[in-house]
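Letter by letter, the chains look like this.
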Amino acid sequence: MQAKIDQYTSEINAFQPANADELESFRIKYLGSKGLIKDLFDEFKLVGPEEKRLFGKVLNEFKQHAETKYQEWKESFETKVQNQGIETDLTLPGEGIELGSRHPLSLVRREIVEIFKKLGFTVAEGPEIEDDWHNFSALNFPEEHPARDMQDTFFIKKGGEKGDIALRTHTSSVQVRMMEQGKPPFRSIMPGRVYRNEAISARAHCFFHQIEGLYVDENVSFADLKQTLYYFVQELYGEGTKVRFRPSYFPFTEPSAEMDISCSLCKGDGCNMCKGSGWVEILGCGMVDPNVLENCGIDSKQYTGFAFGMGIERITNLKYEIKDLRLFSENDIRFLKQFQSEIS
Ligand code: DAH
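Just so it is clear, the model here is predicted, and its values are computed rather than measured. Every chain is numbered on its own, with residues counted from 1 as its sequence reads. It should be noted that, the model being predicted, local features are given only for residues of pLDDT at least 70 and side-chain atom pairs only at 80 or more, the latter also being counted only at that level, while totals for whole chains, interfaces and linings use all residues. Computation of side-chain values: all heavy atoms of the structure, hydrogens and water removed.

Asker: Would you mind going over the pattern of salt bridges in detail, with residue names and values included?
Answerer: Once their charged atoms are close, side chains differing in charge can pair, the charge on each being opposite to the other. Note on definitions: salt bridges are taken to be side-chain nitrogens of Lys or Arg within 4 Å of carboxyl oxygens of Asp or Glu. Under the defined criterion, the tally for this structure stands at 19 salt bridges. For the salt bridge of aspartate 42 with lysine 45, the shortest nitrogen-to-oxygen distance reads 3.5 Å. One end of the pair, aspartate 42, and the other, lysine 45, are both in helix α3 (residues 36–46), 3 residues apart, so they sit about a helical turn from each other. Buried residues are those whose accessible area, probed at 1.4 Å on protein chains only, stays under 20% of the maximum for their type, while exposed residues exceed 50% and partly exposed ones sit between those limits. Judged by relative accessible area, aspartate 42 falls into the partly exposed class, the value being 30%. In DSSP terms, a helix is any run of H or I states spanning at least four residues, a strand is any run of E spanning at least two, and both are numbered starting from the N terminus.

Asker: So, α3: which residues are in play, and what are the values?
Answerer: Listed in full, the buried residues belonging to α3 are Leu36, Ile37, Leu40 and Phe44. One side of α3 carries all its buried residues, which in axial view fall inside an arc of 100 degrees. Looking at α3, the residues exposed on the side facing more than 90 degrees away from the buried face are Lys45 and Leu46. Here, the arc refers to the directions that run from the helix axis to the C-beta atoms.

Asker: Tell me what's going on with the site of the ligand, and back it up with residues and numbers.
Answerer: The full set close to the ligand counts 16 residues, and His170, Ser172, Arg196, Gln210 and Glu212 are the nearest of them. Here a nitrogen atom of the ligand sits 3.0 Å away from a polar atom, N or O, in the side chain of serine 172. At 3.2 Å from an oxygen atom of the ligand is found a main-chain nitrogen or oxygen belonging to alanine 307. The method behind every accessible area is Shrake-Rupley, applied with a 1.4 Å probe, and residues are considered shielded solely by the protein chains displayed. Protein contact buries 91% of the 360 Å² of open area that the ligand shows by itself. With a 1 Å grid spanning the protein atoms alone, the term cavity applies to any set of points in which a 1.4 Å probe fits but cannot get out, the term pocket to an open set with protein on both sides within 12 Å along at least five of seven lines, and the term lining residue to any residue with an atom within 4 Å of a point. A cavity or pocket is said to hold a molecule if more than half of that molecule's atoms lie within 2 Å of its grid points. Given that more than half its atoms are within 2 Å of the pocket grid, the ligand belongs to the largest pocket. When contributions to the shell around the ligand are tallied by element, the ones reaching two or more residues are α7 (172–181), β6 (207–217), β9 (279–288) and β10 (304–311). Across the shell around the ligand, the residue classes break down as 5 nonpolar, 9 polar and 2 charged. Each residue is tested against the molecule or strand, and it is near if at least one of its non-hydrogen atoms lies within 4 Å. In the analysis that follows, any N or O atom pair within 3.5 Å is treated as a polar contact, provided that within protein one partner can donate a hydrogen and the other can accept it, and provided that, for residues neighboring in sequence, both atoms belong to side chains. Note on residue classes: Ala, Val, Leu, Ile, Met, Phe, Trp, Tyr, Cys and Pro are nonpolar, Asp, Glu, Lys and Arg are charged, and everything else, Gly too, is polar.

Asker: Explain the pairing of strand β5 (residues 186–195) to me, using residue names and the numbers behind them.
Answerer: Among the 10 residues in β5, 8 count as buried, and that is most of the element. Sheet analysis places strand β1 (residues 122–123) next to β5, joined by 2 bridges and oriented parallel. When the sheet's bridge partners are listed, threonine 122 is paired in β5 with serine 188. Two strands pair if DSSP finds at least two bridges between them. Alignment of β5 against β6, held across 10 bridges, turns out to be antiparallel. Directly across from tyrosine 195, in β6, lies its bridge partner phenylalanine 207.

Asker: Hey, could you go over helix α1 (residues 2–14) for me, with residue numbers and the actual values?
Answerer: If you check α1, its first and last C-alpha atoms are 18 Å apart, about what 13 residues at 1.5 Å a residue would give, namely 18 Å. Taken together, the buried positions of α1 are Ile5, Tyr8 and Ile12. Looking straight down α1, one finds its buried side chains confined to an arc of 70 degrees; they lie on one side. Turned more than 90 degrees from where α1 packs its buried face, Ala3 and Ala14 sit exposed. To estimate how far a helix should reach, multiply one less than its number of residues by 1.5 Å.

Shown next, in the form of structure tokens:
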């Protein structure tokens, strides 16, 4: 038995298959179900206990050796075949690279920006890391006033020249920067990311996106605010969309309002999205509080203005009927792919 094993081992070591057919013959000869190794095992079954002890390990090791050799040759043939394809046919098409698509939030932001551009609004941006002055104080949030608790702030550093440093909780801070830096008239929209210390769920996230609007000039009235936002809604949701304003409160506007639109899904009849009311809220707005103008060095006797702020996620949810905010930041290709047709 040992003699056979030695003989086969040297045969295997000397063997070098030239092609896949030779390798297959090798497999049949040694490893096949009627092959030489099978014969050896059959023989092994018949030997006495003394020889069993002697040959058991040797036989198993030999089988292992033959299988390893076979596997190595097989793999080398497979890569050769693959490479051959490349070497011989350079005209074969490559693997297609899938085209990405715009993120739904980018699509909606762009749509909103384009509408306001038509009305002569410019686009401005500000920093995401803000000081207390720009995020709160200049916007008429009094020190220690509970209004500051309306927004759960991520603080970065307490104290400092301009107060605490924090991640901005709204894009209204950009209004302040804009007014501080320039002279009226101002007519701008300010898109950006904002942060709030909220537990992440389907309905809340610790970061989201807003678009702020600001219009300051002589003789700007609430009627201008209404007409501007009315035009915006007709453009975004289609003609015939109704709007209504409800009185509200924001420290930086007086008077303040929230604007609802007739539900785009049921056209006002009442459905799940509008919770049966026929209306959905889309933004906050109001006349810029004179204190805010003064805080930014603008004469509130000469100038008036209006401002508004909306959440891009909210508008996107309404437009595409997305029910879970987390989808926007998970980068799940199956979700993002659905907006592929909207590339432009
Ligand atoms: N900053 C407000 C928020 O984050 C939204 C807002 C409301 C902005 C009214 C405005 C405004 O400019 O006039 O909830």
